[in-house]
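Coordinate analysis (summary)
Residue-level listing of the chains:
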Amino acid sequence: MVPARHQGVTYWLEILFSIRGFKSTAGRSAPYKPLLLLWLIGRVLNGRGEGVAFEEARDEIRQLLSPYRLGNSQPKPEHPFVYLGQTPEIWSVRDSKGQDIAEMIAPIDSTSRTPARETLSFLKAEAVGSLSPRFVAALGDPEVLDAIVKELLKRSVPESEYTMLLEKVRLLNHVRLASAPWDSAFKDMVVMAYRYRCSFCDFSARLQNRPVGLDAVPVRIPAKGGPKDLSNAVTLCSRDHKLFAAGALGLGFVGAERRSW
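Residues numbered from 1 in each chain as written. Predicted model: local features only at pLDDT ≥ 70, side-chain atom pairs only at ≥ 80, totals over all residues. Heavy atoms only, no water.

**Notes on the sheet that holds strand E2 (residues 91-94)**
Neighbouring strands of a sheet are bound in pairs by backbone hydrogen bonds; such pairs are parallel or else antiparallel. As a reminder, the rule being used: Only strands joined by at least two bridges in the DSSP assignment are considered to pair. Each helix is a run of DSSP H or I of at least 4 residues and each strand a run of E of at least 2, with the numbering of both proceeding from the N terminus. For helices, the axis comes from a line fit to the C-alpha atoms of the stretch in contact; other axes are also lines fit to C-alpha atoms, and the angle between any two N-to-C directions lies between 0 and 180 degrees. The contact rule is simple, with two residues in contact once any of their heavy atoms fall within 4.5 Å.
Ordered by their spatial adjacency, 3 strands build an open sheet running E1-E3-E2, and the pairing between neighbours is antiparallel. Every interior strand has two partners, whereas the edge strands, strand E1 (51-53) and E2, have only one. This sheet shows a mean twist of 20 degrees between the axes of neighbouring strands, independent of strand direction. Looking at chain direction, E2 and strand E3 (residues 128-131) are connected through 4 bridges and run antiparallel. In the strand pairing of E3, Ser92 is matched with Ser130. Running at roughly 115 degrees to E1, helix H2 (residues 32-45) makes contact with E1, E2 and E3 of the sheet.

Structural data, given as structure tokens:
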């Protein structure tokens, strides 16, 4: 066991780096385990407890993962829920007898070929996951919490979606984003440059005379050297923003300079 005094930022980041993720046939890494872990951290910090039964969590996890699926198949909530348990320093999943479900490679009975850990009926009836007490205790250190959440964000979504994801998992008020991709004044300038319309589908809506459902999006994110100027900016509706972030939407122009003002 690692001495408690060493269980700071470096220790927990090394644990995160050891988590293996599912990869598509094209070699893309799925963000499912990082997304699940962000959701679990949000539960703890909002007083919902360290443990949760799979049956209780299934629908929420499915809704969280669905926008970030790889390929055409919907992600299966049971996979990250169970296989994150292969990192017991953070998470474990056990049945009513206290057995580690992540280790259950045999079928539940002779009529099935599916491993118990992937048998949905068994998981719905038996599986209960819990964050480790040491990990939960580490989240009480703001420096550790910030480092963990920011690493998970990097593994989950583009930088322009950090705030949106933190809102989804109820962590926006618990984590300090040291530097937002763009400040609000510049975002307002981008949306105004596109005349309050989506650059792709021309969507426009207002509520109490304020534009709604529009995001200012960098074509090349700041973390990759994208400049903070209108030539690197587009305005997208929430739907097209998700499609663009997932690589399902391409833009035939770069920046507001291509639109007549």
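**Quick notes on the pairing of strand E7 (residues 233-237)**
To keep it simple, the criterion reads: Three labels apply to residues, based on accessible area from a 1.4 Å probe with only protein chains included: buried if under 20% of the type maximum, exposed if over 50%, partly exposed otherwise in between.
The element E7 is extensively covered by neighbouring structure, given that 5 of its 5 residues are classed as buried. Residues of E7 alternate between two faces, with Ala233, Thr235 and Cys237 on one and Val234 and Leu236 on the opposite face, all of them buried. Bridge analysis of strand E6 (residues 214-218) against E7 gives 5 bridges, and the strand direction is antiparallel. Directly across from Leu214, in E7, lies its bridge partner Cys237.

**Some thoughts on the packing of H2 against helix H3 (residues 54-65)**
For clarity, the threshold we go by: Reported orientations rely on four angle classes, namely roughly parallel under 35 degrees, roughly antiparallel over 145, roughly perpendicular from 65 to 115, and oblique for the rest. Left-handed describes a crossing whose near helix is turned anticlockwise from the far helix by less than a right angle; the clockwise case is right-handed. Residues are grouped as follows: nonpolar covers Ala, Val, Leu, Ile, Met, Phe, Trp, Tyr, Cys and Pro; charged covers Asp, Glu, Lys and Arg; every other residue, Gly included, is treated as polar.
Close contact between H2 and H3 brings their axes to 10 Å; oriented N to C, the two are set at 125 degrees. One element, H2, and the other, H3, form an angle in the oblique class. Remark: the crossing between H2 and H3 carries right-handed chirality. Mapping the contact onto sequence places Tyr32, Leu35, Leu36, Trp39 and Arg43 in H2 and Glu56, Ala57, Glu60, Ile61, Leu64 and Leu65 in H3. In terms of residue class, the contact of H2 with H3 is built from 8 nonpolar, no polar and 3 charged.

**Observations regarding the nonpolar core**
Which entries qualify depends on this criterion: Nonpolar cores are built from buried Ala, Val, Leu, Ile, Met, Phe, Trp, Tyr and Cys residues. Side-chain atoms within 4.5 Å join them into one set.
Residues Leu37 and Ile90 are the most contacted members of the largest nonpolar core, which totals 55 residues. Examining the composition of this core, we find that 9 residues originate from one element, H2, more than from any other. With residues up to four places along the chain from it excluded, the contact list for Ile90 reads Trp12, Ile15, Leu16, Ile19, Leu37, Ser130, Leu131, Ser132 and Phe135. With 16 residues, the next largest nonpolar core counts Phe186, Tyr194, Ala216 and Val234 among its residues.

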